[in-house]
Amino acid sequence: MSSLENGPAMLSNLARPPRPSAISNALTFGWRAVLKFKHVPEQLFDLIMTPLMFTLLFTFVFGGALAGSTSDYLQFFLPGILVQTVVFNSVYSGMGLSTDLSKGLFERFRSLPIWSLSPFAGLMVGDVLRHTIAGLIILTVGLVLGYRPEAGIAGVVASFVLLIAIGFGVGWIFIVLGLLIRTPMTVMTIGFTFIFPLVFASNIMVRPETMPSWLEAFVVRNPVSHMTTALRGLMSGTATGGEVVLALVAPALLTIVLSPLVLSLYRRS
């Protein structure tokens, strides 16, 4: 009996385990994002087939008409399709968040003694994986078809760092939509409605000088065009510091403006 009575006292004397750091929380939720690829393999199919289809379709169907030859067009187009793929893939953050909210998982997350942004950090880790996988697939296909990055490995690595930064910034848009909209398909529909004009009214597929003057004026100021120009420059070794800074302006502003909004919506939802 005495041992039972002394049990609570003994437990109270035990040192509590240290509270996990924000980085530890983020890595745990990041591992959760990795496990999603194992348990939802159809995501990988979509991730592989969409960029592959775009690369082959535009290179062989439109390349000759737009650049005179498929090889010349591939040199121009491939960095752009990398940007397009990263922007499109960011929608999975919002869809995954909307799915988790509909299942009540975030109610449980919010009750835990963890860093408030940890669940969103996990979504971002999933995005980084998707961007990296899709980018490597596109680059591999491009190399097979004849694409040659003139800046070599250093240029490719710098380009992928820029791509991840772009995806990180754009991902906040879809996380906000995921918090506001509880249907994953609606998140995708509304997100693409916003993203499609920015992607296709850019210099990803054609040069702005071939467009009507009113459209060219928009395209040259489009943040997606700045991202594509910087990526082409990094791949070819001609990028300037100004081009890279312009490419990072939109992702930085999106992060600064939307991350506090995400936290506010998360706490109030």
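What counts and how
- Residues numbered from 1 in each chain as written.
- Predicted model: local features only at pLDDT ≥ 70, side-chain atom pairs only at ≥ 80, totals over all residues.
- Heavy atoms only, no water.
- Helix = DSSP H or I, 4+ residues; strand = E, 2+ residues; numbered from the N terminus.
- Buried < 20%, exposed > 50% of the residue type's maximum accessible area, 1.4 Å probe, protein only.
- Areas by Shrake-Rupley, 256 points an atom, 1.4 Å probe, with all protein chains shown as cover.
- Expected span 1.5 Å × (residues − 1).
- Bend = angle between axes of the 7 residues up to and from the residue.
- Contact = heavy atoms within 4.5 Å.
- UniProt positions renumbered as here; feature names shortened; annotations may be inferred.
- 1 Å grid on protein atoms, 1.4 Å probe; cavity = no way out; pocket = protein on both sides within 12 Å on 5 of 7 lines; lining within 4 Å.
- Points joined across faces, edges and corners; volume = space filled by probe spheres on them.
- Nonpolar A, V, L, I, M, F, W, Y, C, P; charged D, E, K, R; others polar.
- Salt bridge = Lys/Arg side-chain N within 4 Å of Asp/Glu carboxyl O.
- Phe/Tyr/Trp six-rings, centres within 6.5 Å; stacked < 30°, edge-to-face > 60°.
- pLDDT = per-residue confidence, 0-100.
- Patch = residues over 30% accessible without salt bridge, like charges linked within 9 Å, V, L, I, M, F, W, Y side chains within 5 Å.
- Axes fitted to C-alpha atoms, helices over the stretch in contact; angles between N-to-C directions.
- Parallel < 35°, antiparallel > 145°, perpendicular 65-115°, else oblique.
- Left-handed = near helix turned anticlockwise from the far one by under 90°.

A. Up close: the overall build of the chain. A tally of regular secondary structure across the chain gives 12 helices and zero strands. Helices (α) and strands (β) of the chain occur, in sequence order from the N terminus, as α-α-α-α-α-α-α-α-α-α-α-α. Taken over the C-alpha atoms alone, the chain extends approximately 90 × 35 × 35 Å along its principal axes. Taking all 269 residues of the chain together, the buried fraction comes to 43%. For the chain, the accessible area works out to roughly 13700 Å², and carbon and sulfur atoms hold 71% of it.

B. Representation of helix H12 (residues 241-268) in the model. In this model, H12 (28 residues) spans 40 Å end to end at C-alpha, consistent with the 40 Å of a helix rising 1.5 Å per residue. When the local axis directions of H12 are compared, the greatest deviation, roughly 30°, occurs at Val-249, which is followed within four positions by the proline Pro-251. Where H12 is buried, its residues touch helix H6 (105-111), helix H7 (118-145), helix H8 (152-180) and helix H11 (223-236).

C. Just the UniProt feature "transmembrane region" (unreviewed entry) in the chain, in detail. Those residues carrying the UniProt feature "transmembrane region" (unreviewed entry) are residues 44-67, 73-93, 114-147, 153-180, 187-206 and 244-266 in this numbering. The annotated region residues 44-67 carries 100% helix and 0% strand content, and the separation between its end C-alpha atoms amounts to 32 Å. This span, residues 187-206, is 70% helix and 0% strand, and a straight line between its end C-alpha atoms measures 29 Å.

D. Expanded view of the layout of surface pockets. Here the second largest pocket is characterised by a volume of approximately 210 Å³. In terms of lining, the second largest pocket is formed by 15 residues, of which the most central are Asp-46, Thr-50, Phe-88, Asn-89 and Phe-192. Elements that contribute at least two residues to the lining of the second largest pocket include exactly helix H3 (42-67), helix H4 (70-89), helix H5 (91-102) and helix H9 (184-200). No other element matches the five residues that H3 contributes to the lining of the second largest pocket. Residue classes in the lining of the second largest pocket are distributed as 10 nonpolar, four polar and one charged.

E. Region of interest: the pattern of salt bridges. Inspection of the entire model under this criterion finds one salt bridge. Put simply, Arg-130 and Asp-127 hold a salt bridge, and the shortest N to O gap is 2.7 Å. Separated by three residues within a single helix, Arg-130 and Asp-127 lie in helix H7, roughly one turn from each other. Note on Asp-127: relative accessible area 1%, which makes it buried.

F. Examining the packing of aromatic side chains more closely. As enumerated under the stated definition, the model contains 12 aromatic pairs in all. Residues Phe-54 and Phe-58 carry aromatic rings whose centres are separated by 5.8 Å and whose planes lie at 10° to one another, so their mutual orientation is stacked. Taken as a pair, Phe-54 and Phe-58 lie in helix H3 at a separation of four residues, close to a single helical turn. Relative accessible area serves as the criterion here: at 15%, Phe-54 is assigned to the buried category. With a relative accessible area of 11%, Phe-58 lands in the buried category. Both rings, one in Phe-196 and one in Phe-200, keep their centres 5.2 Å apart while their planes meet at 35°; by these two values the pair is tilted. With a gap of four residues between them, Phe-196 and Phe-200 both fall in helix H9, about one helical turn apart.

G. View of the confidence of the model for the chain. Of the residues in the chain, 92% have a pLDDT of 70 or more, and the chain-wide mean is 84. When mean pLDDT is taken per element in the chain, H11 scores highest with 95 and helix H1 (residues 2-13) scores lowest with 54.

H. The side chain of Gln-84, seen in detail. Within the secondary structure layout, Gln-84 lies in helix H4. Ignoring sequence-local partners within four residues, the contact set of Gln-84 consists of Phe-54, Val-199, Phe-200, Ile-204 and Met-205.

I. The arrangement of a nonpolar patch on the surface in detail. On the surface, a nonpolar cluster with roughly 450 Å² of combined accessible area is contributed by Met-53, Leu-57, Val-61, Phe-62 and Leu-66. Inspection of the secondary structure assignment puts Phe-62 in helix H3.

J. Layout of the packing of H7 against H8. Interaxial distance between H7 and H8 falls to 9 Å at its minimum, and their mutual angle equals 135°. Classified by the angle between their axes, H7 and H8 sit oblique to one another. Crossing of H7 over H8 shows right-handed handedness. Only Val-156, Phe-160, Ile-164, Gly-167, Phe-168, Gly-171, Trp-172, Ile-175 and Leu-179 of H8 make contact with H7, whose side of the interface consists of Phe-120, Leu-123, Met-124, Asp-127, Val-128, His-131, Thr-132, Gly-135, Leu-136 and Leu-139. Counted by class, the contact of H7 with H8 contains 13 nonpolar, five polar and one charged residues.

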